[in-house]
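Next come the chains, spelled out residue by residue.
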Amino acid sequence: MVEELGKYLVAVIGAGPAGLFASKILALNGVTVVLINRDILPGGLAEYGIYYDKYKMKEGLRRQFQQTLDHPLVNYYSNLTVGENGDLSLADLRALGFQSILVTAGAQGTKWLGLPGENLKGVYHAKDLVFHYNLLPPFSTQSFHIGKRVALIGAGNVMLDIAHWLIRDLKVDEVVSVVRRGPNEVKFTKEELKIVVRNLDLDKLESEMVRVQPVADAVGQNVVEAKEYILSTLPKGLEPISNTRFYFDFLASPTHILGNVQGYVTGLEVENTTLICSEGEVLAQRLGTKRILDVDTVIFCIGDKVEESFGLPVRKNAFVKHPHPIYPMENLSFEAYDPDLNRPIDRVFVAGWSREASSGLVGVARKDGENGARAVLEFLKSAPRLVDPGVLMDEFTAKLIRLNKPIVRKSDLLKLTEAEAVEAAKQGLPAVKFATNEEMLAVMGLR
Ligand SMILES: Cc1cc2nc3c(=O)[nH]c(=O)nc-3n(C[C@H](O)[C@H](O)[C@H](O)COP(=O)(O)OP(=O)(O)OC[C@H]3O[C@@H](n4cnc5c(N)ncnc54)[C@H](O)[C@@H]3O)c2cc1C
Ligand SMILES: NC(=O)c1ccc[n+]([C@@H]2O[C@H](COP(=O)([O-])OP(=O)(O)OC[C@H]3O[C@@H](n4cnc5c(N)ncnc54)[C@H](OP(=O)(O)O)[C@@H]3O)[C@@H](O)[C@H]2O)c1
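This structure is a prediction, so every number in the text was calculated from the model and none was measured. (Residues numbered from 1 in each chain as written. Chains lettered and ligands numbered in written order. Predicted model: local features only at pLDDT ≥ 70, side-chain atom pairs only at ≥ 80, totals over all residues. Heavy atoms only, no water.)

A. Structural detail: the overall build of the protein chain. Helix and strand counts for the protein chain stand at 13 helices and 16 strands. Relative to the globule expectation of 22 Å for 447 residues, the C-alpha radius of gyration of the protein chain, 23 Å, shows essentially globular dimensions. Looking at the protein chain residue by residue over its 447 residues, the buried ones come to 55%. Excluding contacts between residues fewer than 6 apart, the proportion of contacts in the protein chain whose partners are at least 24 apart in sequence is 73%. Counting 51 positive and 55 negative side-chain charges, the protein chain places the averaged centre of each group 2 Å from the other. (Helix = DSSP H or I, 4+ residues; strand = E, 2+ residues; numbered from the N terminus. Rg over C-alpha atoms; globule rule 2.2 N^0.38 Å. Buried < 20%, exposed > 50% of the residue type's maximum accessible area, 1.4 Å probe, protein only. Contact = heavy atoms within 4.5 Å. Lys, Arg positive; Asp, Glu negative; His and termini not counted. Charge placed at Lys NZ, Arg CZ, Asp CG, Glu CD.)

Written out as C-alpha cells, the structure reads:
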C-alpha cells in the first residue's frame, strides 16, 4: 500500500496548492509524506474555487499536481477529514508518531459578521456558491434561492467571480457591489473586471464618483484614477450576453438584512461611511446614517476564515503563528502557536491560506506551501530519524481501516480521472466532474 519509505514521516493536511507544492518539496528531500485531503479530488480552490470555465488554467494546475502525486514518497488519502469532529484529530496524528504535521487546509470556514437577518433565505457566502458551480459535493447538489436583485458585499476578485456567474449564467436583473470604502480601495484585477464591465451602469458609476469625490479628496485620494482603472477595461470587455445592470455602491457598510414573514430577503440596510486615515491606512468610519438597498439576495464576498473546529487556536481568521519563529522562512512564521499558553504547538506547522486566510493567488499559496515545507525540513534536522517508518505507516493504515469508510488513494484517483475523461468526451466538453461523492466512489469501485 505504501509507495516507498523516506527517512522522515510527515503528515500534510489539505491537498490544495499549498499542501501539494509543500508535499513535493518534502518528498524531494526524502520525507515520506502522508497527504490527507477532505475532498476526494486534490487541488482545493484551484479545483473548486477558480471559475469553472478556466479550463486551460485548471488543466495546467492539475498536471502540476499530478507530478507531485506521482512522486513515490507522496501517499494520498482523501475523503478523510482532520479536526476535532473529523475522522482523525491532530492528537491522533501525533499519537501515530508523525514527526511533523503541516496544516494546509485552506481557509474554508465562514466569516459571519453577526448581522440581523443573516439566516434569511437568499443570504449566502460566496464560498458556498463557488463550491456549488464548481461541483464540490455536497454544495453541488444543494439549491440556492437567488432572486433578481443581488447585493454582493465586497469588491475583490471573488465578488467579480460571483458577478460573472450572476450576470452571464443566471442573467439576473441587477447586481450591486456594496463597498465599505471608496473606489480607490477596490481589490479586483482588471482581467476579471473585463468579463462583466460592459454590463456596468456608466451613469451610476459617474454619479458615485461625484458623490465620493469630496470624501476621497479629504484623505488625499484621486477618484479620477480609480474611475480610469475601471473604465480602462471597457475596450477589452467581453460582449454582454444579458441585460443585467451592474453597479457599485461605495461608502456603504451592511448593518441589517431585512426579510418578510416567509423568511426571504426584502432589502439590505447599509450605514453610510466616510474615509479616515489611521496609521497610514485608509479606513471606513461609520456615520450613523442608514439607507435601504432594494435587493432580494445578499452574498458576502468578504473573504473566509479557517475552520474553528480544526483544533488549533484562531486569530484574525487564520491559525495563530509563533510570534518569534524558530524556523522562519523569508521572515515569516509557519509554526502553530498557542497564545493562551504562550508556547508552540508540538510539531505542528501551518502554510497557505491556513496561515494567512483568503490571501493571494495560486502562486502565492504555492510559495507559502513550499516555505512551510522548508520550515518543516529545518525542524526535522533536530528530530530523531525513524527506526522503522514502515511500522508507523502500518499503524496509520490500520487506523484508517478502523474508520470503516472508503478512503481514496492515488490509484483510485487515476480511475476517476479516466472516468471523467470518458464522460467529457461523451458530452463533448473540455472537462467534466462528478457532482457527488457517491458517483466518484462508484466509478473508483469503492462503493
Ligand atoms: C472563488 C475563488 C476563485 C479563485 N480564483 C483564482 C484564480 O482564478 N487564479 C488564481 O491564481 N487564484 C485563484 N484563487 C485563489 C487560490 O484558489 C488560492 O490562492 C489557493 O487555492 C489557496 O491554496 P491553499 O492550498 O492554501 O488552500 P485551498 O485551496 O483552500 O485548499 C485546502 C485543501 O484542504 C482540504 N481541507 C480543508 N479542510 C480539511 C480538513 N479539515 N481535513 C483535511 N483536508 C481539509 C480541502 O479539501 C482542500 O483540498 C481563487 C480563490 C477563490 C476563493
Ligand atoms: N480570478 C482571480 O484571479 C481570483 C478570483 C478570486 C479570488 N482571487 C484571489 O483570492 C483572494 C481572496 O479574494 P477575495 O475577493 O475573497 O478577498 P479580497 O480581495 O480581500 O476582497 C474582500 C472584499 O471584502 C471586503 N470586506 C471584507 N470584510 C468586510 C466587512 N466586514 N464588511 C464589508 N466589506 C468587507 C473588503 O473590503 P476592505 O478592502 O475594505 O477590507 C474587500 O473589498 C485574493 O487574493 C484574490 O485576488 C483571485
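B. Structural view of the sheet that holds strand E12 (residues 297-300). Taken in spatial order, the 5 strands of this open sheet run E5-E12-E6-E7-E8, and their pairing is parallel. Here the strands that pair on one side only, and so sit at the sheet edges, are strand E5 (123-125) and strand E8 (245-249). Shown here is a sheet whose adjacent strand axes are inclined to one another by a mean of 20°, direction ignored. Bridge count between strand E6 (residues 149-153) and strand E7 (residues 174-178): 5 bridges; the pairing is parallel. Across the sheet, residue Leu152 finds its bridge partner in E7, namely Ser177. Helix-sheet contacts for helix H5 (residues 126-133) involve E5 and E12, and the interaxial angle to E5 is about 75°. (Pairing = 2+ DSSP bridges. Axes fitted to C-alpha atoms, helices over the stretch in contact; angles between N-to-C directions.)

C. Region of interest: the packing of aromatic side chains. Enumeration according to the criterion identifies 17 aromatic pairs in this entry. A ring pair is formed by Phe188 and Tyr229, whose centres lie 6.4 Å apart and whose planes are at 40°; its orientation type is tilted. Within this pair, whereas Phe188 is found in the loop between E7 and helix H7 (190-193), its partner Tyr229 is found in helix H9 (residues 223-231), the two being separated by 41 residues in sequence. Here Tyr229 falls in the partly exposed class, since its relative accessible area comes to 29%. Ring plane angle 55° and centroid distance 5.4 Å describe the contact between Phe349 and Phe379, whose orientation is recorded as tilted. Placement of the pair is Phe349 in strand E16 (residues 343-350) and Phe379 in helix H10 (residues 362-380), with a sequence separation of 30 residues. Comparing Phe349 with Phe379 shows no difference in burial state: the two are buried. Members of the aromatic cluster, connected to one another through ring pairs, are Phe188, Tyr229, Phe246, Phe248 and Phe250. (Phe/Tyr/Trp six-rings, centres within 6.5 Å; stacked < 30°, edge-to-face > 60°.)

D. Representation of the site of ligand 1. Contacts to ligand 1 come from 34 residues, most closely from Asn37, Leu45, Val82, Gln108 and Trp353. Sorting the residues of the shell around ligand 1 by element identifies helix H1 (17-28), strand E2 (31-37), helix H2 (45-48), helix H6 (157-170) and H10 as the ones contributing at least two each. Residues belonging to the shell around ligand 1 are distributed by class as follows: 19 nonpolar, 11 polar and 4 charged. (Near = heavy atom within 4 Å. Nonpolar A, V, L, I, M, F, W, Y, C, P; charged D, E, K, R; others polar.)

E. Region of the structure containing the site of ligand 2. Residues in contact with ligand 2 amount to 22 residues; listed here are only the nearest, Ala155, Arg180, Arg181, Glu192 and Gly360. Residue Lys187 places a side-chain N or O atom 3.2 Å away from an oxygen atom belonging to ligand 2. Calculation on ligand 2 without its partners gives an accessible area of 920 Å², and the protein chains cover 81% of this total. The dominant element in the shell around ligand 2, judged by the number of residues it contributes, is H6, at 3 residues. (Polar contact = N/O pair within 3.5 Å; in protein donor to acceptor, adjacent residues only side chain to side chain. Areas by Shrake-Rupley, 256 points an atom, 1.4 Å probe, with all protein chains shown as cover.)

F. A look at the environment of Ala383. Position of Ala383 among the secondary structure elements: in the loop between H10 and helix H11 (389-403). Take Ala383: its relative accessible area is 16%, and that puts it in the buried class. With 176 residues separating them along the chain, Ala383 and Ser207 place their C-alpha atoms 63 Å apart.

G. Structural view of the environment of Phe248. Residue position: Phe248 is located in strand E8. Among the residues examined, Phe248 registers a relative accessible area of 2% and is labelled buried. Along the chain, Phe248 and Lys204 lie 44 residues apart, while their C-alpha atoms are 7.8 Å from each other.

H. Here's a closer look at the pattern of salt bridges. In total, this model carries 30 salt bridges according to the counting rule given. Close ionic contact of Lys127 with Asp128 constitutes a salt bridge, the shortest N to O distance being 3.3 Å. Note on accessibility: Lys127 and Asp128 belong to one class, buried. With its nearest N and O atoms 2.7 Å apart, the salt bridge here joins Lys227 to Glu206. (Salt bridge = Lys/Arg side-chain N within 4 Å of Asp/Glu carboxyl O.)

I. Geometry of the nonpolar core. Core analysis: the largest hydrophobic core is formed by 48 residues, its most contacted members being Leu26, Val31, Leu35, Phe349, Leu380, Leu416 and Met440. Setting aside its immediate chain neighbours within four residues, Leu380 contacts Tyr8, Val10, Val31, Gln99 and Ser100. (Core = buried A, V, L, I, M, F, W, Y, C linked by side-chain atoms within 4.5 Å.)

J. Fine view of the confidence of the model for the protein chain. Across the protein chain, the average pLDDT comes to 96, with 99% of residues at or above 70. E6 holds the highest mean pLDDT among the elements of the protein chain, 99, whereas H11 holds the lowest, 94. (pLDDT = per-residue confidence, 0-100.)

K. Geometry of the sheet that holds strand E9 (residues 252-259). With respect to topology, 3 strands assemble into an open sheet ordered E9-E10-E11, the strand pairing being antiparallel. Each end of this open sheet is capped by a strand with a single partner; those strands are E9 and strand E11 (281-293). The average undirected angle you get between the axes of adjacent strands in this sheet is 20°. Pairing between E9 and strand E10 (residues 265-278): 7 bridges, direction antiparallel. By the bridge assignment for E10, Leu258 is matched with Gly267.

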